[in-house]
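# Analysis of the macromolecular model
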Amino acid sequence: MGREVSESCVDSLVIEMVSAYCNRFYASKPELAAPRIEAIGYQVGHQLSERYTIERPRFSDHLEAIKFICKDFWSELFKKQIDNLKTNHRGTFVLQDNRFRWLTRVSIDPSPANTDLSQEPSLATDESKTAQATSMHLYFPCGIIRGALSNLGIPCAVSADISNLPACSFVVRIKA
Amino acid sequence: MAPLAPRSGDPIVANVERVNAELFTLTYGAIVRQLLTDLEEVEEVNKQLDQMGYNIGIRLIDEFLAKSGVSSCVDFKETAEVIAKVGFKTFLGVTASVTNWDADGTSCSLVLEENPLVDFVELPDTCQGLYYCNILSGVIRGALEIVSMKTEVTWVRDMLRGDDAYELRVKLLKQVPEEYPYKNDE
């Protein structure tokens, strides 16, 4: 029990998965890559949530479930808790991680192997490419959160907000 | 400086950030599942897993060389031992054994009894022909290519297919000697 692998195993696996979906499988249609990356996250979140709550009674309400995500769940994944939780008390929660571990891994991959030469030269600047790579990457943890909550009986939509770097906020909108 | 003998891997493990293997196992499983849905053909999934592994291997080798302190291996035999004892330990937290060397020392088997990729995994009948762990063959091939060894890595035994262990055959095809950009004048 408690087997461990190197963090770089997880990091490189996820980075490569995002890259494969964005640059190989759906290179000209990033809108097709995004839901698949999210779906992979969903699967992971659902199964992890199941494992981590196996011996617990069901959560009494949405807030309790969200707090579980912020504390125990986040700690298992990232060795720290969510730093700040906000809600509008109408089904929207904002989970803020002031130093989201996985954001530190994303960088532009300048490798020529990823360039599709048949396409017209992109007008995207380096900055917007980083932004795009980052947002693609964030579909994975958004999926994880959505999958985890789904396992707890809470259907929702999750998006990421990186307007306040280095903090990363996950916006959870619970479906009525 | 004499090359270092392969260590057990434990001091190196301390240098490397470790995380719960479950996240890794489940992420890998979810990826394979999604690939099967999107690519449909098992052969294509095998190919993509290998490609992904290769892309990971060509980068992971840098971390390995930096963190493990292992200097150049004298020969392919030492290389295999380092992969099995130090490499696997550093990244996957398990060790492999090296067996079945051929006569000229260019081909051997890496045998894994424990494999974090496959914890809790069972393959349904619809996945006949899938090499679930194919990412590993790509990682090894990619990593070795960066240190100038061209290899062919294939599966001999796969527990998910009913065998009793995971066995990878690693064959050295070509070793490109290090070249210096200038020659010394005599």
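Preceding this paragraph is the structure being described.
What follows concerns the interface of chain A and chain B. Tallying the contact residues gives 35 residues for chain A and 38 residues for chain B. Taken together, both faces of the contact between chain A and chain B bury some 3300 Å²; the carbon and sulfur share is 61%. By the criterion of area lost to chain B, the three top residues of chain A are A:R3, A:V5 and A:L13, representing 22% of everything that side buries. Between chain A and chain B we count six salt bridges in total. A salt bridge links A:K79 to B:E17; the shortest N-O distance between them is 3.1 Å. Linking chain A with chain B are 17 residue pairs in polar contact (both at pLDDT 80 or more), by the criterion used here. Of all the secondary structure elements, the ones that give two or more residues to the side of chain A that touches chain B are β1 (4–6), α1 (7–25), α2 (30–52) and α3 (62–78) of chain A. Looking at the side of chain A that touches chain B, the element that brings in the most residues is α1(A), giving 13 residues.

The full count for this structure, using the stated rule, is 19 salt bridges over all chains. Here A:R3 and B:D119 are joined by a salt bridge, their closest N and O atoms 3.1 Å apart. Pair noted here: A:R3 is in the segment before β1 and B:D119 is in the loop between β3 (107–112) and α5 (134–146), and the two residues belong to different chains. A relative accessible area of 23% places B:D119 in the partly exposed class. Residue B:D38 is joined to A:R36 by a salt bridge in which the shortest nitrogen-to-oxygen separation is 2.9 Å. In this pair, B:D38 is assigned in helix α2 (residues 21–39) and A:R36 in helix α2, connecting two distinct chains.

To continue, consider the sheet that holds strand β4 (residues 149–157) of chain B. Residues and elements named next belong to chain B. Taking strand neighbours across the sheet as the criterion, the four strands line up as β2-β3-β5-β4 in an open arrangement whose pairing is antiparallel. Across the chains shown, the open sheet's two edge strands, defined by having one partner strand only, are β2 (96–99) and β4. Here the strands of the sheet are splayed against their neighbours by 25 degrees on average, with no regard to which way each runs. Where β4 meets strand β5 (residues 166–175), eight bridges bridge the pair, whose relative direction is antiparallel. Within β5, the residue paired with T151 across the bridge is L172. Against the sheet, α5 touches β3, β4 and β5, its axis set at about 160 degrees to β4.

Before going further, it helps to examine unusual backbone geometry. With an omega of 5 degrees, the peptide bond running from A:L165 to A:P166 counts as cis. Look at B:E40: it is not a glycine, yet its phi comes out positive at around 65 degrees. Tracing the backbone through its elements, the reader meets B:E40 in the loop between α2 and α3 (42–68). Owing to a relative accessible area of 66%, B:E40 belongs among the exposed residues under this scheme. Here the phi dihedral of B:N100 falls at roughly 55 degrees; this positive angle occurs in a residue that is not glycine. As for its position among the elements, B:N100 is in the loop between β2 and β3.

Conventions used here
Residues numbered from 1 in each chain as written. Chains lettered and ligands numbered in written order. Predicted model: local features only at pLDDT ≥ 70, side-chain atom pairs only at ≥ 80, totals over all residues. Heavy atoms only, no water. Contact = heavy atoms within 4.5 Å. Buried area = accessible area lost by both parts, 1.4 Å probe. Salt bridge = Lys/Arg side-chain N within 4 Å of Asp/Glu carboxyl O. Polar contact = N/O pair within 3.5 Å; in protein donor to acceptor, adjacent residues only side chain to side chain. Helix = DSSP H or I, 4+ residues; strand = E, 2+ residues; numbered from the N terminus. Buried < 20%, exposed > 50% of the residue type's maximum accessible area, 1.4 Å probe, protein only. Pairing = 2+ DSSP bridges. Axes fitted to C-alpha atoms, helices over the stretch in contact; angles between N-to-C directions.

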